[in-house]
Amino acid sequence: NAGVMQNPRHLVRRRGQEARLRCSPMKGHSHVYWYRQLPEEGLKFMVYLQKENIIDESGMPKERFSAEFPKEGPSILRIQQVVRGDSAAYFCASSPGQGPFDGYTFGSGTRLTVV
Amino acid sequence: EDKVVQSPLSLVVHEGDTVTLNCSYEVTNFRSLLWYKQEKKAPTFLFMLTSSGIEKKSGRLSSILDKKELFSILNITATQTGDSAIYLCAVFEGAQKLVFGQGTRLTINP
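Residues numbered from 1 in each chain as written. Chains lettered and ligands numbered in written order. Predicted model: local features only at pLDDT ≥ 70, side-chain atom pairs only at ≥ 80, totals over all residues. Heavy atoms only, no water.

A tally of helices and strands in chain B yields zero helices and 11 strands. Secondary structure of chain B in N-to-C order comes out as β-β-β-β-β-β-β-β-β-β-β. In terms of overall dimensions, chain B has a C-alpha envelope of 40 × 25 × 20 Å along the principal axes. Taking the intrachain contacts of chain B between residues at least 6 apart in sequence as the baseline, contacts between residues at least 24 apart amount to 54%. Summing over all exposed atoms, chain B offers an accessible surface of approximately 5,200 Å²; the carbon and sulfur share of this is 50%. In chain B, 12 positive and 11 negative side-chain charges are present, and the distance between their average locations comes to 5 Å. (Helix = DSSP H or I, 4+ residues; strand = E, 2+ residues; numbered from the N terminus. Contact = heavy atoms within 4.5 Å. Areas by Shrake-Rupley, 256 points an atom, 1.4 Å probe, with all protein chains shown as cover. Lys, Arg positive; Asp, Glu negative; His and termini not counted. Charge placed at Lys NZ, Arg CZ, Asp CG, Glu CD.)

This is the structure we're talking about:
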């Protein structure tokens, strides 16, 4: 079991460009969660998705950010017109179904740097 | 607003010392509390605590939850340099969403 796979590991974007972060959940998992970690801070919930559905996006900024988890393929977190404040580590996690359970597994994260 | 507060934010000790990390929480719909260890990459799961007063143990690490006073502690005995990391406390708010504390940065000096 390859675990939760995120790519790219590192992403550098200039201000105003788009960033696309990908997350492939563990085999058999149909629930995906995205978290953001700013420097020297804990992780902050962004969005929770099931296949083809956004269940909870209460942590997503209202503008420029969007997420999807299509029927086929990885979940995508998309940030349009990136700004310096978007620089952070973005972690994805997956679970097999409704919790609570023994904690979900995180991927290794994508470190986004906006220059 | 749901919040999780960890203390201390930073701790430096010598190898062999025992440390206690604290986590207090205020969450509307508490389900369980989790501890993670983070070393420059993904957080790795340590413990999940659901019931008060029941200690969970794994080697030199142990943790306990007090649901009346709304806090948890993580103990590490006979610390080693490999224990140096950021320790994150998180609470399940509802069934799916984790609310994290800001973390405790633990440094173990040889």
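Residue and element names in this part refer to chain A. Counted under the stated rule, the structure contains two disulfides over all chains. Disulfide partner of cysteine 23: cysteine 92, at an S-S distance of 1.7 Å. Between cysteine 23 and cysteine 92, the S-S dihedral sits near -50 degrees, and the bridge is therefore left-handed. With cysteine 23 in strand β3 (residues 19-24) and cysteine 92 in strand β9 (residues 88-95), this pair connects stretches of sequence that are 69 residues apart. (Disulfide = S-S within 2.5 Å.)

Let us now look at unusual backbone geometry. A cis geometry characterises the amide bond from Asn7(A) onward to Pro8(A), with omega recorded as -5 degrees. Its location among the elements puts Pro8(A) in the loop between β1 (5-7) and β2 (10-13). For the bond from Ser7(B) to Pro8(B), the omega torsion is -10 degrees, close enough to zero to count as cis. Looking at where Pro8(B) falls in the secondary structure, it is placed in the loop between β1 (3-7) and β2 (10-14). We note that Leu70(B) has phi near 60 degrees; this positive angle belongs to a residue other than glycine. Along the chain, Leu70(B) falls in the loop between β7 (61-66) and β8 (71-76). At Ala78(B), a residue that is not glycine, the phi angle is positive and equals roughly 45 degrees. Among the secondary structure elements, Ala78(B) is positioned in the loop between β8 and β9 (85-93).

Bringing the sheet that holds β1(A) into the picture now. Residues and elements named next belong to chain A. With respect to topology, four strands assemble into an open sheet ordered β1-β3-β8-β7, the strand pairing being antiparallel. Each having just a single partner strand, β1 and β7 (65-68) make up the two edges of the open sheet. Across this sheet, the average inter-strand angle for adjacent strands is 15 degrees, counted without regard to direction. As defined by bridge partners, β7 adjoins strand β8 (residues 75-79) across four bridges and the pair is classed as antiparallel. Bridging from a neighbouring strand, serine 66 pairs with arginine 78 of β8. (Pairing = 2+ DSSP bridges. Axes fitted to C-alpha atoms, helices over the stretch in contact; angles between N-to-C directions.)

Before going further, it helps to spend a moment on the environment of Lys57(B). Residues and elements named next belong to chain B. Among the secondary structure elements, lysine 57 is positioned in strand β6 (residues 56-58). Lysine 57 sits 17 residues away from leucine 74 along the chain, and the two C-alpha atoms are 9.8 Å apart. Residues in contact with lysine 57, not counting those within four places in the same chain, are Phe47 and Ser62.

So, on to the interface of chain A and chain B. Listed per partner, the contact involves 25 residues of chain A and 21 residues of chain B. For the pair chain A and chain B, the two sides together bury roughly 1,700 Å², of which 56% comes from carbon and sulfur. Across the chain A-chain B interface, the total number found is zero salt bridges. The tally of links between chain A and chain B comes to three residue pairs in polar contact (both at pLDDT 80 or more). Where the side of chain A that touches chain B is concerned, the elements lending two or more residues are β4 (31-37), β5 (43-50) and β9 of chain A. In terms of residue class, the side of chain A that touches chain B is made up of 10 nonpolar, 10 polar and five charged. (Buried area = accessible area lost by both parts, 1.4 Å probe. Salt bridge = Lys/Arg side-chain N within 4 Å of Asp/Glu carboxyl O. Polar contact = N/O pair within 3.5 Å; in protein donor to acceptor, adjacent residues only side chain to side chain. Nonpolar A, V, L, I, M, F, W, Y, C, P; charged D, E, K, R; others polar.)

Bringing the pattern of salt bridges into the picture now. Evaluation of the coordinates by the stated rule reveals six salt bridges over all chains. Taken together, the salt bridges that share partners define one network made up of Glu18(A), Arg20(A) and Arg78(A).

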